[in-house]
Amino acid sequence: CYVKTSRPLLYSYQDSLPRLPVPSLKGTCEKTLISLKPLLPEAEFKDLQEKAAAFQKNEGPTLQRYLHLKSMFSRNYVSDWWL
């Protein structure tokens with residue numbers, strides 16, 4: 001009996017996976033700050049907090065809307081930028 005085995009291609013099951021949710025802007029900024037706090041000196045961390053707050057008020061909401069739009073038209077909105 002001859003059985004052919006082959007490995008699946010990298011994206012062969014992509015359509016069967018659930019879509020990735022778009023994380024909230026606030027949550028992303030909070031997680032970034034939590035992750036970087038132990039790595040930065042206090043002065044740099046305070047500067048980063050101010051920049052994160054400004055980002056959330058200024059360009060962040062626009063970029064978040066673009067990300068939501070991208071997620072509507074792309075099966076995986078992350079992989080386009082990572083590959």
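In short, a report on the structure.

Criteria and cut-off values
- Chains are numbered independently. Their residues run from 1 in the order of the written sequence.
- Where local features are concerned, this predicted model is filtered to residues with pLDDT of at least 70; where side-chain atom pairs are given and counted, the filter is 80 or more; whole-chain, interface and lining totals use all residues.
- Just so you know, side-chain values use all the structure's heavy atoms and leave hydrogens and water out.
- Each helix is a run of DSSP H or I of at least 4 residues and each strand a run of E of at least 2, with the numbering of both proceeding from the N terminus.
- Whenever a nitrogen or oxygen atom comes within 3.5 Å of another N or O atom, the pair is scored as a polar contact, on the condition that within protein one atom can donate a hydrogen and the other can accept it, and that pairs from neighbouring residues in sequence are kept only if both atoms are in side chains.
- Residues are treated as being in contact if the distance between any of their heavy atoms lies within 4.5 Å.
- A pair is scored as a salt bridge if a Lys or Arg side-chain nitrogen falls within 4 Å of a carboxyl oxygen belonging to Asp or Glu.
- The rule is simple: take the accessible area with a 1.4 Å probe, protein chains only, and divide by the maximum for that residue type; under 20% is buried, over 50% is exposed, in between is partly exposed.
- Two joining distances apply to patches: 9 Å for like charges and 5 Å for nonpolar side chains (Val, Leu, Ile, Met, Phe, Trp, Tyr), and every residue must have over 30% relative accessible area and no salt bridge.
- Computed with the Shrake-Rupley method and a 1.4 Å probe, the accessible areas treat only the protein chains shown as cover for residues.
- For helices, the fitted line uses only the C-alpha atoms of the stretch in contact; every axis is such a line through C-alpha atoms, and the angle between N-to-C directions lies from 0 to 180 degrees.
- Relative orientations are named as follows: roughly parallel for angles under 35 degrees, roughly antiparallel for angles over 145 degrees, roughly perpendicular for angles from 65 to 115 degrees, and oblique for any other angle.

Quick look at the side chain of Q64 now. In this structure, Q64 sits in helix α3 (residues 59–73). Of note is the side chain of Q64, whose polar atom sits 2.8 Å from the backbone oxygen of P23. Beyond its immediate chain neighbours, meaning those up to four positions away, Q64 contacts V22, P23, S24 and L25.

Turning to the pattern of salt bridges, a few remarks are in order. Applying the stated criterion across every chain, the model contains one salt bridge. A salt bridge links K51 to D47, with the shortest nitrogen-to-oxygen separation between them at 3.3 Å. Of this pair, K51 and D47 are both found in helix α2 (residues 42–57), four residues apart, which corresponds to roughly one turn of the helix. You can call K51 exposed: its relative accessible area is 52%. Of the residues examined, D47 reaches a relative accessible area of 35% and is grouped as partly exposed.

Position of L33 relative to the elements: it lies in helix α1 (residues 25–36). Relative accessible area serves as the criterion here: at 16%, L33 is assigned to the buried category. Spatially, the C-alpha atom of L33 lies 7.7 Å from that of L48, the residues being 15 residues apart in sequence. Setting aside anything within four residues of it in sequence, one finds L33 in contact with F45, L48, Q49 and A52.

What follows is about a nonpolar patch on the surface. On the surface, L63, Y66, L69, M72 and F73 cluster together to form a nonpolar patch covering roughly 610 Å² of accessible area. Within the element layout of this structure, L63 appears in helix α3.

When two helices pack together, their arrangement is given by the angle between the helix axes and by the axis-to-axis distance. Taken N-terminus to C-terminus, the directions of α2 and α3 make an angle of 60°; their axes are 3 Å apart at the nearest point. Overall, the two elements α2 and α3 adopt an arrangement that is oblique. Contacts between α2 and α3 involve A54, F55, Q56 and K57 from the former and E59, G60, P61 and L63 from the latter.

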